[in-house]
Amino acid sequence: MEYEAVIGLEVHVQVKTESKIFSSVGVGFGAQPNSLTDPVVLGFPGVLPVINREAVEKSIKVGMLLNGSIPRVTKWDRKNYFYPDSPKNYQISQFDQPICSGGELEIELKGPSRNVMGEHKTIALTRAHLEEDVGKLIHLENESLVDFNRAGTPLLEIVSQPDMHTPEEAYAYLTALKMLLIYGEVSDCDMEKGQLRCDANVSVRPVGQKELGVKVEIKNLNSISGVRNGLAYEIERQIQVLEGGGTLAQETRGWDAAKGMTYHMRSKEESHDYRYFPDPDLMPVRIDHQWRDRLHASLPEKPFDRQRRYFDAYGLPYTLTSVLISDPELCHFFEEAAKRAKRPRQAANWIVNNLLGELGRAGLTLSESKVFPDQIAQLVNLIGEGVISKNLAKERVFPEMFKTGDNPAAIVQARGLGQSESAEDLEKICSEIVQANPDAVAEVLSGNKKAINFLKGRVMRATRGKANPALVGSLLEELIAEKG
Amino acid sequence: MPGEIYFKTLAQLQEALASKSISSVELTRDHLDRIQAVDGRIQAFNSWDEEDCLRQAEASDERRAAGRIKGPLDGIPVGVKDVIAVRDQPLTCSSRMLEHFVSPYDATVISRLKNAGAVLLGRLNMDEFAMGSSTENSAIKITFNPWDTSRVAGGSSGGSAAAVAAGELPVSLGSDTGGSIRQPASFCGVVGLKPTYGLVSRFGLVAFASSLDQIGPLTRTVGDAGRMLQVIAGHDPRDSTSIDTSPPDYSEGLAEKKGPWKLGVPQEYFAEGLDPEVKAAIEAAIDWYADRGCEIVEISLPHMHLAISVYYIIATAEASSNLARYDGVRYTHRSDRAGDVVDLYFKSRAEGFGEEVKRRIILGTYVLSSGYYDAYYLRAQKIRSLIRQDFTKAFAKVDGLLTPTSPFVSFKAGEKTRDPLAMYLSDIYTISANLAGIPGISLPCGFNSQGLPIGLQILGEPMEEANLLAIAHSFERAHDFTDRHPNPAPPD
Amino acid sequence: MRDPHSFDIDYVAHLARLELTSQERERFSAQLGDILQHFAQLDEVDVSSVEPMAHAFPVENVFREDKSEPGLSPERALENTPRKRKNMVQVPKVVEG
C-alpha cells in the first residue's frame, strides 16, 4: 500500500532583544551558569513581570511577515506545569489571544538541479505566540543541574498546520522560515545556540484516505537536517509498523541524532492539564492602527519577493538569485553595486562567483570584506568600457582589490594594465595579423569558426595580453568578412 | 518622654524627633524594650535584629544632626508584615516553606520607606502566605490580641495590627487580599487602610492572589494612615498593575474636607450573622454621621451575596499558580525524603505548606482544571464585573459606604479553626472591596461589653483615598476610641 | 453543569504536586465538597452578556524598554538554594520527557 505522511511543525524562535522578556537582566549564550538571572527570572517570592516592548514589536513584525492576522488586543496567560527548569512552575505564554493568528509561509522545494528553481508552495500556519523560555537542565550520572541563564528569554512559538507531506517540505519550511526571520531582523536563528528549535507532529495514512493517522510528536529536532532525518526515520517507522499489521500509539518521541533514530518519551495518557488562565500580573496589549502602520512600514521585502524582483529588474539567473537571497546583507551589497554597475548581472556574477569564493577561501565574512559594492561596480564598468579584459580583471585586478581594498581603476593605472592601444591601433594590429595569416583566414571563411582563435592569440601576443579579447574577436570577424 | 511613648501617634513622634525632644535611637530602643516586655504574650514579631535597628536609628540621628533628613519617616520605627521583601532580611511568609529564605532585594514600598528615612524594626507575623483571618495559620506562632491574649489578633496581618495595638510599634505595613488589613485592625482597635488596587506597588509583596492583593498601613489614627500612604503610594514601573498617576496630598483632605457627605448604608451588610453589639456600634456611628448633617442613603449591592464564592474561586485559583514556585528546588524547604524529582515536589510541598494553604491550593487547582474553568473561574470573573458595577452605581449616589468591618469581634484562639467554610464566610464585609478594587478603611468605633474593639469600615471610590480619610477622620476626631489602649504586659 | 461530588482529590493533588495524608485527603474532600456546594449559587446568575474581569483596573500597554541592567551574581542568585553544585541548582536526576 502507498502511504502519505502528514506533518506539522512547531518552531520556537528566540526573539532578538538585549534584555529578557519580563525583566531587565541581559540575554546571552555561553555565559557562566546562573550569571544572567535576577529575582524576576528566578521567580523569587514577590517579583512581578513587565513586558519588554521590543519583544512584542518584533513578534508583531513576524506575524505580519507571515501574513497572519494581528489581533486588536493580545494578552498573557499562565501555563501551569511543574518542571525543574521552570522557575515559577508556570510559564507566561499566550493561550486564546495570541499575537498572530493564521498566516502562511511560502517555501521552495528542491529543484531538479542546482541551477533550476524548485516548486514553490504555501504552507498554512495556525498561530504564533510569545512566551518566556525556561532554564536548561544538565544531566549528570546521578543528578541533574539547573542553569537559569536561558530562563526568561523571549520565545516566539510558530505553529504550522498539518500541511506538509514530506521531510523535504519540512526542510524547505524551516529554511524559508529561518530566512524570513533573519530578513525581519527578529532573530539570528542560530540553531547551535538554541535560537531556533523545532518539534514536529507526524502521522501517516494510506494515500487517498481522508482521516489523519495516529499523531506522534517528535522533540529535539534541533538542526535543519535533524528535522529532515528525524522525520524520514519516523515516517518509515510508522509505515513499517502499519505494514507489519501493528497499530501506532499516540506518543511523544525524541530524536537521537547520534543514533539516527526516534525513541519513546511519553504516552498520551501522561499529557498535561495546563490550567491556563489570564496572568493577573500583566496587562493586555492593544495594537492600534498607528502602531500597526509603523511596524508595517518597517517590514523588509520578503526573500522570495526579492528573488522575483531580481529576475525581473536585473535579469539575474536563478542560481545567482538563490545565492543572493539567502543573505540579506549580501543582497544589500549586490543592490548597492547594481546601482552604479552598468551591467548589474555582471556585478552579481562577480559578487557570487568571485568575491564569495575569495572570502570563503580566506575564512572571512562579507562584513569583513575589503572590497566594497561600488568597487565591484567600477570593475564591471571598466570591463564593459573595454578598459580591461575580463581575464585581466579576474587574474590581476580583482585579487589585488581583495587583498588591499584599492579601487580597481587605481590598480589598473598603477600596474599599467590599461589597454594602451587605441581602437585604431588595435585595428591596425589586427589588420596586420590578418594579412600575415591568409591560411587561417581562408579556414575561417571555409566555415571553421574556431580557426579565429589562432588569429586572436596572435593579436593578444602582439598586445602583450592587454587587448580586450571580445573587441579583438569582433575586429577580426569584421576584417575577415571584408576578405570574403 | 519615657513611659507613655508606646502609644504616641506617628504625628506626635514626627514632632518629637523634629523638635529633638527625642532621638531616633531613644525611640527605637524604647520600642525594642517594649517588644522585649510584651511580645512574649502577643507574639506579633517573627523576627527582629536589634543591632541593625539601632544602626538604622543612629544613621537617622546623624542625618538629623547634619540637617539632612531623608523624608517624613526619618527615625520612625516601622514594622513590616513578613510577606514584603526587605533586602538581606528573612521573608518567611510565616511558612515553613520559606523558613530560611533571605530576600536579595527590596520591595518597592520598602525602597520608599528607606528613602523616607524609616527604621525598619522587624518582621511581623501573619497567616501563612496571608491565607487566613486569625493569624492562627502561621507556621511560626499564633499572634494574640493585646486586648485579651486568649483571643486572636485577626488576620492575616495579625502581627501588624497587634504590634501597633500593643505599643510595640507606632505604625506597620500589612497586606490585604480579602480584608487582611481591615479585619485585624478592627479586632485590635487600630486603623487599617486598604488602598485602591494599583495605588501602592505590589513589587516585592509575596503574591497570594495577584488581582486582589494590596499593601496598606496599620496605624493608631486616620491621620497617620494618610501619612503612611503618602510615603508608599505612587506609580511603579516594576508593577504592570500600578496606576500611572501622582497621588494627591492626603493630609489636605483631613484639614479641608469636612463634609457633610452623602453616605450609603448597604442593606446587605446588616443581614443575619451580624453580632448585635457590633451592629449597635455601627448604627451608632451611622447616627453620628446623620447628626453631623450627612445624608444617609440606603444602598443595595445586589450581587453582594455572591462575593464569597467569587472571591474564593479567584483567590484560590491565582494562589494555586502563585504558590507553585515553592517546590523544593531553588530556594525553599526541600524534603530529604524524596527519591526522584517529582517526589521532591510532592514531599517538599507536603512538608512546607500548612493545612490552610494546602486546602486553598487544592481548591484553586480544581477550579482551573480541565473542564471546570468556564464553570468556576470564568464565571467568577464575570460576576466580579457585576460586583464592581454594583459599587460603581452606588458611588454615583454617595461619597462613601458605612459598614461593619467584621460580623463579630475577636474570637477565642482555636474557636473557629475547624470549619473553613464558616471562616471564609466571616470575610463577608471586606472581600468585595478587593473584588471591586476600591479602597476601604477600618477604624475603631466602639467596644463591646467585654471591652473588645469594634471596627467601622468605610468604603470609598477608586483613587479617592483623600476623601475616604476625611470621612473617617471626622468620626475619629469626635470620639476617643483611639485614645484607649490595651495593657498586655504581664502584671508585675 | 457540574457535580460537586465528582471532585477527584487525587487528580487535583497530583496536578498541584501535593502529597496528602489519608486524613488530609478525607478532610479536604469533605470540606471542599461543602465549599463547592456553596459555589453552586453562582449558577443562578445570568452572565451571558457580562465581560469577565481579569484586572481590577483596565490598563493596557504597560511596557518596559529593552535596556539591560546587571542582575544577580551566581552566588547571590543561589544563596537560598538548598542543594547546589558548580553554581547550579542540584535536583535528583531528571528523566527528560
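The structure this text deals with has already been given above.
Thresholds, definitions, all that
Residues numbered from 1 in each chain as written. Chains lettered and ligands numbered in written order. Predicted model: local features only at pLDDT ≥ 70, side-chain atom pairs only at ≥ 80, totals over all residues. Heavy atoms only, no water. Helix = DSSP H or I, 4+ residues; strand = E, 2+ residues; numbered from the N terminus. Rg over C-alpha atoms; globule rule 2.2 N^0.38 Å. Buried < 20%, exposed > 50% of the residue type's maximum accessible area, 1.4 Å probe, protein only. Contact = heavy atoms within 4.5 Å. Areas by Shrake-Rupley, 256 points an atom, 1.4 Å probe, with all protein chains shown as cover. Lys, Arg positive; Asp, Glu negative; His and termini not counted. Charge placed at Lys NZ, Arg CZ, Asp CG, Glu CD. Phe/Tyr/Trp six-rings, centres within 6.5 Å; stacked < 30°, edge-to-face > 60°. Lys NZ or Arg CZ within 6 Å of the ring centre and 35° of its normal. Polar contact = N/O pair within 3.5 Å; in protein donor to acceptor, adjacent residues only side chain to side chain. Patch = residues over 30% accessible without salt bridge, like charges linked within 9 Å, V, L, I, M, F, W, Y side chains within 5 Å. Salt bridge = Lys/Arg side-chain N within 4 Å of Asp/Glu carboxyl O. Disulfide = S-S within 2.5 Å. Buried area = accessible area lost by both parts, 1.4 Å probe.

S.K.: An account of the overall build of chain B is requested, with residue identities and associated values reported.
M.R.: The number of helices and strands found in chain B is 16 helices and 13 strands. For a compact globule of 492 residues, the expected C-alpha radius of gyration is about 23 Å, and chain B comes in at 21 Å, within 12% of that figure. Overall, chain B is about 65 × 55 × 50 Å in size when its C-alpha atoms are taken along their principal axes. When each of the 492 residues of chain B is scored for burial, the buried share is 70%. In chain B, of all internal contacts separated by at least 6 residues, the share reaching a separation of at least 24 is 75%. For chain B, the accessible area works out to roughly 14700 Å², and carbon and sulfur atoms hold 48% of it. Of the charged side chains in chain B, 49 are positive and 62 negative, and the gap between their average positions amounts to 3 Å.

S.K.: Go over the packing of aromatic side chains with me, naming the residues and quoting the values.
M.R.: Summed over the entire model, instances satisfying the criterion amount to 39 aromatic pairs over all chains. On the basis of an interplanar angle of 50° and a centroid distance of 6.4 Å, the ring pair of Y233(A) and W255(A) is categorised as tilted. Of the two residues, Y233(A) is situated in helix α3 (residues 224-243) and W255(A) in strand β14 (residues 251-256); the sequence distance between them amounts to 22 residues. Classification of W255(A) by relative accessible area gives buried; the value is 8%. An aromatic cluster is defined as three or more aromatic residues linked by ring pairs; in this entry it consists of F44(A), F101(B), F129(B), Y326(B), Y331(B) and F353(B). One residue, K88(A), lies across the ring of Y90(A), its end atom 5.4 Å from the ring centre.

S.K.: I'd like a rundown of the environment of K81(B), residues and numbers included.
M.R.: All names here are of chain B. Summarising the element assignment, K81 is placed in strand β2 (residues 77-81). As a C-alpha pair, K81 and A130 span 49 residues in sequence and 9.6 Å in three-dimensional space. Once you skip the residues sitting within four places of it in the chain, K81 turns out to touch R123, L124, M126, A130, S156, S157, S160, L173, G174, S175 and S180. Within the structure, K81 has its side chain in polar contact with the side chain of S156 (distance 2.7 Å).

S.K.: Outline a negative patch on the surface, supporting the account with residue identities and numerical values.
M.R.: Taken together, the side chains of E427(A), E477(A), E478(A) and E482(A) make up a negatively charged region of the molecular surface. Looking at the secondary structure, you find E477(A) in helix α15 (residues 469-483).

S.K.: Can you tell me about the state of the cysteines, naming the residues and giving the values?
M.R.: Simply put, the disulfide is a covalent bond whose two ends are the sulfur atoms of two cysteines. This structure, assessed with the given rule, holds zero disulfides over all chains. Its sulfur unpaired, C331(A) is 16 Å from the next cysteine sulfur, which belongs to C189(A). Here C294(B) stays free of any disulfide, with the sulfur of C445(B) as its closest cysteine sulfur at 15 Å. Since its relative accessible area comes to 7%, C294(B) is described here as buried.

S.K.: Quick one: what's the story with the interface of chain B and chain C, residue by residue and with numbers?
M.R.: Often the size quoted for an interface is simply the accessible area lost on bringing the parts together. Listed by partner, the interface residues are 68 residues for chain B and 53 residues for chain C. When chain B packs against chain C, close to 5400 Å² is buried across both sides, 67% of that on carbon and sulfur atoms. The three residues of chain B that bury the most area against chain C are F346(B), I362(B) and R379(B), which together make up 13% of that side's buried surface. Between chain B and chain C we count five salt bridges in total. Here E24(C) ties to K358(B) by a salt bridge, and the two come within 2.9 Å at their closest N and O atoms. Taken together, chain B and chain C are joined by 19 residue pairs in polar contact (both at pLDDT 80 or more).

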